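Results of the structural survey
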Amino acid sequence: MAVATALGTAAHAADLPSRFAPPPVAAAVPVFTWTGFYVGVNAGYGWNTNDDDVVINGTAFEVDDEGGFVGGAQIGYNYQIGSFVVGLETDIQYADIGGDTTLPGLDSHDDDDNWFGTVRGRAGYAFDRALIYATGGLAYGKISNGFSNSDDTNVGWTLGAGVEYAFTNNLTAKVEGLYVNLEQDDDDVPNISGKDETEFGVIRAGLNYKFTTY
C-alpha cells in the first residue's frame, strides 16, 4: 500500500509544470553594414593653386591664389560586398576661394559667388566601422582663376581620398581631400593670355546620416 501511494505521488508530481525557467533566448545583434542611402553636411578649407603670370597687352602680371572656407551638403549611396564598399556621391559647395583679380583692364571679382559641385564614384575597404576609400569623377562650378570674369559654369574632373567612421548604425563622420580641375573659357577677355583652367584643393570634414538597412 505504501509503495502504491509513493508511485501515485511521483506520477502526480511529474504532471505538474516545471519550476525551472526556460533558458534565455539570445537576440541576434544586427551586423553593421555600409549599404544604404545617406545625407550629410561638410565644411573645410579650399585653396586656389593658380599661381602664375598673366600677360595683358604684352605686360606680365603675377596672379596670387587665395584660400578660404568651403562648405556644403552631400547625398549618396553605398553598397557593401564583403569588406569592399562601392558607391556614388554628389555634393554642392560654397567656396570662398579664387585668384587675385586686381589687374588692369579687368573688373574686380567677388569670391562670395564662387561655388562648385561634384558627382563622384567611391570605392574603398571597410574595417568593420572604419572605411578607407578613393573617389573621383565629374566636377563643375564657377571659381575665379584670377583673370576670368565669365559667368559660365565650367566643367572638369576631381580626384581624392578619405576615411570615414561609423559612430552608430546611422551616424558617420569623414575627413576627405579633393583635387579639382575646372576648364575655363577666357575667350570673352581680349588681349590676355594665361592658364585656361582653374585648379584648387579642398580638405573637409563631413557628417552623414545613414538610413538604416538590415
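So, a few notes on the structure that sits alongside this text. (Residues numbered from 1 in each chain as written. Predicted model: local features only at pLDDT ≥ 70, side-chain atom pairs only at ≥ 80, totals over all residues. Heavy atoms only, no water.)

Focus on the overall build of the chain
- For the chain, the count of helices and strands is one helix and twelve strands.
- Across the chain, every contact between residues at least 6 apart in sequence was considered, and the portion connecting residues at least 24 apart equals 67%. (Helix = DSSP H or I, 4+ residues; strand = E, 2+ residues; numbered from the N terminus. Contact = heavy atoms within 4.5 Å.)

A closer look at the nonpolar core
- Core analysis: the largest hydrophobic core is formed by eleven residues, namely Val 70, Ala 95, Ile 97, Phe 116, Ala 139, Ile 143, Leu 178, Val 180, Leu 182, Phe 200 and Val 202.
- Elements represented by at least two residues in this core include exactly β10 (171–183) and β12 (197–210).
- Looking at this core, the element that brings in the most residues is β10, giving three residues.
- In this view, Leu 178 contacts Arg 120, Thr 135, Thr 158, Leu 159, Gly 160, Phe 200, Gly 201, Val 202 and Arg 204; residues no more than four positions away in its chain are not counted.
- Within the second largest apolar cluster, seven residues are counted, among which are Phe 32, Val 85, Ala 126 and Tyr 133. (Core = buried A, V, L, I, M, F, W, Y, C linked by side-chain atoms within 4.5 Å. Buried < 20%, exposed > 50% of the residue type's maximum accessible area, 1.4 Å probe, protein only.)

Thoughts on the packing of aromatic side chains
- Going through the model one piece at a time under the given rule, you end up with eleven aromatic pairs.
- Ring geometry for Tyr 165 versus Phe 167: centroids 5.2 Å apart, planes at 75 degrees, classification edge-to-face.
- Grouped by ring-pair contacts, the aromatic residues Phe 84, Tyr 125 and Phe 127 constitute a single cluster.
- Sitting over the face of the ring of Tyr 133, Arg 122 holds its NZ or CZ atom 4.3 Å from the ring centroid. (Phe/Tyr/Trp six-rings, centres within 6.5 Å; stacked < 30°, edge-to-face > 60°. Lys NZ or Arg CZ within 6 Å of the ring centre and 35° of its normal.)

Concerning unusual backbone geometry
- Even without glycine at this site, Asp 128 takes up a positive phi of about 60 degrees.
- The topology assignment puts Asp 128 in the loop between β7 (115–127) and β8 (130–142).
- What makes Asp 128 exposed here is its relative accessible area of 56%.

So, the environment of Gly 136
- Along the chain, Gly 136 turns up in strand β8.
- Setting aside residues up to four positions removed in sequence, Gly 136 forms contacts with Arg 120, Gly 121, Thr 158 and Leu 159.

Some details on the side chain of Glu 199
- The residue Glu 199 is located in strand β12 in this model.
- Judged by its relative accessible area of 13%, Glu 199 is buried.
- In terms of polar contacts, Glu 199 uses its side chain to reach the side chain of Tyr 179, at 2.6 Å. (Polar contact = N/O pair within 3.5 Å; in protein donor to acceptor, adjacent residues only side chain to side chain.)

None of this, on its own, says anything about what the molecule does.
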